[in-house]
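Below are the chains, spelled out letter by letter.
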2 protein chains.
Amino acid sequence: MNKKAIGMFDSGCGGLTVLKKYMKLMPNEDFIYFGDTAHLPYGDKSPEKIIEYCEEIVKFLISKDVKMIIIACGTASATAYEYLKNKYDIEIRNIITPTASTLTDKNIGVIATKATIKSKAWKKAIHSFNPTANITSVACPLFVPIIEECLIENEGTSYFVKEYINKLNIKSSNISSIVLGCTHYPLLKQQIQNEVGANVRLIDIGEISAKDSLNYLIANDLQNTPEHIGTIELFASDDFESFKENAKNIGFTI
Amino acid sequence: MNKKAIGMFDSGCGGLTVLKKYMKLMPNEDFIYFGDTAHLPYGDKSPEKIIEYCEEIVKFLISKDVKMIIIACGTASATAYEYLKNKYDIEIRNIITPTASTLTDKNIGVIATKATIKSKAWKKAIHSFNPTANITSVACPLFVPIIEECLIENEGTSYFVKEYINKLNIKSSNISSIVLGCTHYPLLKQQIQNEVGANVRLIDIGEISAKDSLNYLIANDLQNTPEHIGTIELFASDDFESFKENAKNIGFTI
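Residues numbered from 1 in each chain as written. Chains lettered and ligands numbered in written order. Predicted model: local features only at pLDDT ≥ 70, side-chain atom pairs only at ≥ 80, totals over all residues. Heavy atoms only, no water.

Each side of the interface is counted separately: chain B has 20 residues, and chain A has 20 residues. Carbon and sulfur atoms supply 58% of the area buried between chain B and chain A, which totals about 1,700 Å² over both sides. At the boundary of chain B and chain A, one finds two salt bridges. For Glu149 of chain B, the salt bridge goes to Lys114 of chain A, with nearest N and O atoms at 3.1 Å. At the junction of chain B and chain A, the tally comes to six residue pairs in polar contact (both at pLDDT 80 or more). (Contact = heavy atoms within 4.5 Å. Buried area = accessible area lost by both parts, 1.4 Å probe. Salt bridge = Lys/Arg side-chain N within 4 Å of Asp/Glu carboxyl O. Polar contact = N/O pair within 3.5 Å; in protein donor to acceptor, adjacent residues only side chain to side chain.)

Moving on, we get to the relation of the copies chain B and chain A. When chain B is brought onto chain A, the operation consists of a screw motion whose angular component is 180° and whose axial shift is 0.0 Å, with 0.0 Å RMSD remaining. On the angle and the small slide along the axis, the relation comes out as a two-fold axis. For chain B, the residue whose C-alpha comes nearest the rotation axis is Gly156 of chain B, separated from it by 1.9 Å. Taken together, the interface assignments show that 100% of the residues at the interface of chain B recur at the interface of chain A, consistent with an identical surface on both copies. (Least-squares fit on C-alpha atoms with pLDDT ≥ 70 in both.)

All names here are of chain A. Within this structure, the stated rule accounts for 24 salt bridges over all chains. For the salt bridge of Asp212 with Arg93, the shortest nitrogen-to-oxygen distance reads 3.0 Å. With Asp212 in helix 12 (residues 205-219) and Arg93 in strand 4 (residues 91-93), this pair connects stretches of sequence that are 119 residues apart. With a relative accessible area of 21%, Asp212 lands in the partly exposed category. A network of salt bridges, in which partner residues are shared, links Glu91, Arg93 and Asp212. (Helix = DSSP H or I, 4+ residues; strand = E, 2+ residues; numbered from the N terminus. Buried < 20%, exposed > 50% of the residue type's maximum accessible area, 1.4 Å probe, protein only.)

The pairing of strands in a sheet comes from backbone hydrogen bonds and takes either a parallel or an antiparallel form. All names here are of chain B. What the five strands build is an open sheet, ordered 4-3-1-2-9; its pairing is parallel. Two strands close off the open sheet at either side, each with one partner strand: strand 4 (91-93) and strand 9 (232-236). Averaged over all pairs of adjacent strands, the angle between strand axes in this sheet comes to 20°, irrespective of strand direction. Both strand 2 (residues 31-35) and strand 9 contribute to a ladder of five bridges, which runs parallel. Across the sheet, residue Tyr33 finds its bridge partner in strand 9, namely Leu234. In the packing of helix 12 (residues 205-219) onto the sheet, contacts are made with strand 1 (6-10), strand 3 (68-71) and strand 4, and the angle to strand 3 comes to roughly 165°. This element, helix 13 (residues 240-249), spans strand 2 and strand 9 of the sheet and lies at about 125° to strand 9. (Pairing = 2+ DSSP bridges. Axes fitted to C-alpha atoms, helices over the stretch in contact; angles between N-to-C directions.)

Applying the stated criterion across every chain yields a total of 18 aromatic pairs over all chains. Their ring planes at 15° and their centres at 5.4 Å tell us that Phe160 of chain A and Phe160 of chain B sit as a pair that is stacked. In this pair, Phe160 of chain A is assigned in helix 9 (residues 155-167) and Phe160 of chain B in helix 9 (residues 155-167), connecting two distinct chains. Given a relative accessible area of 0%, Phe160 of chain A falls into the buried group. Aromatic pair Phe60 of chain B and Phe235 of chain B: ring centres 5.0 Å apart, planes at 75°, arrangement edge-to-face. You can see Phe60 of chain B sitting in helix 2 (residues 47-63) and its partner Phe235 of chain B sitting in strand 9, a full 175 residues away along the chain. One aromatic cluster is present, built from ring pairs that chain together Tyr33, Phe240 and Phe243 of chain A. (Phe/Tyr/Trp six-rings, centres within 6.5 Å; stacked < 30°, edge-to-face > 60°.)

A separate point is the packing of helix 9 of chain A against helix 11 (residues 189-196) of chain A. Residues and elements named next belong to chain A. Contact geometry for helix 9 and helix 11: axes closest at 10 Å, N-to-C directions at 55°. Taken together, the axes of helix 9 and helix 11 lie oblique to each other. Here helix 9 and helix 11 pass one another in a crossing that is right-handed. Here Val161, Lys162 and Ile165 of helix 9 come into contact with helix 11, specifically with Gln191, Ile192, Glu195 and Val196. For the contact of helix 9 with helix 11, the class distribution of residues is four nonpolar, one polar and two charged. (Parallel < 35°, antiparallel > 145°, perpendicular 65-115°, else oblique. Left-handed = near helix turned anticlockwise from the far one by under 90°. Nonpolar A, V, L, I, M, F, W, Y, C, P; charged D, E, K, R; others polar.)

Here we come to the nonpolar core. Ranked by internal contacts, the top residues of the largest apolar core, which has 131 residues, are Leu16, Ile111 and Ile192 of chain A together with Leu16, Ile111 and Ile192 of chain B. Leaving out residues up to four positions away in the same chain, Ile192 of chain A has contacts with Ile111, Phe143, Val161, Ile165, Leu180 and Leu202 of chain A. (Core = buried A, V, L, I, M, F, W, Y, C linked by side-chain atoms within 4.5 Å.)

Now for the state of the cysteines. Residues and elements named next belong to chain A. All chains considered together, the criterion is met by zero disulfides over all chains. In this structure Cys150 is not part of a disulfide, and its nearest cysteine sulfur, from Cys13, lies 10 Å away. The exposure class of Cys150 is partly exposed, given its relative accessible area of 46%. (Disulfide = S-S within 2.5 Å.)

Moving on to the environment of Ala236 of chain A. Its location among the elements puts Ala236 of chain A in strand 9 (residues 232-236). In sequence terms Ala236 of chain A and Tyr185 of chain A are 51 residues apart; their C-alpha atoms lie 21 Å from each other.

Take unusual backbone geometry next. At Asn174 of chain A, a position not held by glycine, the phi torsion is positive, near 60°. Mapped onto the secondary structure, Asn174 of chain A falls in the loop between helix 10 (170-173) and strand 7 (177-180). Its relative accessible area of 56% is what places Asn174 of chain A among the exposed residues. Of note in this structure, Lys120 of chain B is not a glycine but carries a positive phi near 60°. Assignment of secondary structure puts Lys120 of chain B in the loop between helix 6 (114-119) and helix 7 (121-129).

Residue and element names in this part refer to chain A. An order of 4-3-1-2-9 is seen for the five strands of this open sheet, with the pairing classed as parallel. What marks the edges here is a single partner per strand, and that holds for strand 4 and strand 9. The mean angle between the axes of side-by-side strands here comes to 20°, regardless of whether they run parallel or antiparallel. The strands touched by helix 12 are strand 1 (6-10), strand 3 (68-71) and strand 4; relative to strand 3, the strand with the most contacts, the crossing angle is about 165°. Those strands touched by helix 13 (residues 240-249) are strand 2 (31-35) and strand 9, and its axis lies near 125° from that of strand 9.

Let us now look at the pairing of strand 1 of chain A. Residue and element names in this part refer to chain A. Counting buried positions over the five residues of strand 1 gives five, a clear majority of the element. Side chains Ile6, Met8 and Asp10 project from strand 1 onto one buried face, and the interleaved Gly7 and Phe9 project onto a second face that is buried too. Relative to strand 2, strand 1 runs parallel, the two being bridged by five bridges. Within the sheet, the bridge partner assigned to Ile6 lies in strand 2 and is Phe31. Remark: the strand 1/helix 1 (residues 16-25)/strand 2 crossover connection has right-handed handedness. Both strand 1 and strand 3 contribute to a ladder of four bridges, which runs parallel. Directly across from Phe9, in strand 3, lies its bridge partner Ile71. (Right-handed = clockwise from strand over helix to strand, strands pointing away.)

Here is the structure:
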């Protein structure tokens, strides 16, 4: 048993969709979430800068005495995870590996932000577990602004979903699973599922990350007590008001 | 007569739509354009940082011996213009004042990026010339990614144009002119015009800026010679290849 909180961070509020999955699966755990709003988006920063920012956050979360740290951000997972894991003693988990290690499909689609696709992080991670998988990657740069602007229900959204999904060539590439490789994308899951059809599995990386972390806590006897009611504490490095507003827009009421 | 080039800068390639209007109106002038791709987008930076970045560019353009400098960026015009104008002897013009000074309408709409709307720069500038104007401002954060992703022709775009234009309440607010307050927006002019109808005037700030600068050159006898064929020189502070690609996406072939 361990009553310490779980630390989690992202460049902004996208990681809150991951936090939601954790809260659902681990209602007895406390969480400390840090949104690095002073430096978002990470996607257009150099690896050196991203590592510098993430290290500051890791130090902050360690000062808060958390029992493990989840990098709930694709770009930070791709860029800073190795460095941080090697430098700090605390258990640090990224958002890519847990999903990549479970994918046994022959033909896999990955959709994510431009920066994440460009980093090839998903391709490398999936191939390290499943070396012969054919991976088709498509960047969907309009999805994050559509979600953050609360335009999911706008009729136009379905046309853009179609535009990006077409680029995956699902039928001719025989794709059976698509990784929703950005923490915002689960909010568009229904629209994407409508476009790809019921036979293609959409992978929610937050859900898999939560299961992975729960397994780690159980294996190491680090769970909080069953009678404890979990709490959350949120921090943002800049403009907490607009962080709250964006959080609300992605369905996370503070 | 003055054979020196005209300097122009933006955080990225959006200002190239302004440069196009200048080239059309002043085919005898040489232009040096600087896209600050290392620091884009300016919209999420602090005023201090934006001023610092812009000052570096101004120094660079002065070192290139230009005869005047155009800030072809809404955010930089709103943030850094006053500082630069007061500090440097060279003629510096921003992208907001020339348009603001021509608007005599009673009811004016302004559409722009989130950062530009939040800065209230257009409101302040228009009111300084037309103090009783009623100004309705709407941020259209999806327009820049739609344009840069070459999705202007996608059927979904018309729905998002409708979404944002509805927020202007053109009829009930009796709006007769709408400022396209972001340098990318002229590329969506047709779609916006379809939505607002032929009776509402859409203001192209690049066109007005070009006329304003031409008047300045004429008044000060600074035009190049009529037999000279104008040239352009482009600089970017990071990743010239993706600058070129984005420039192509907004219809500017290099």
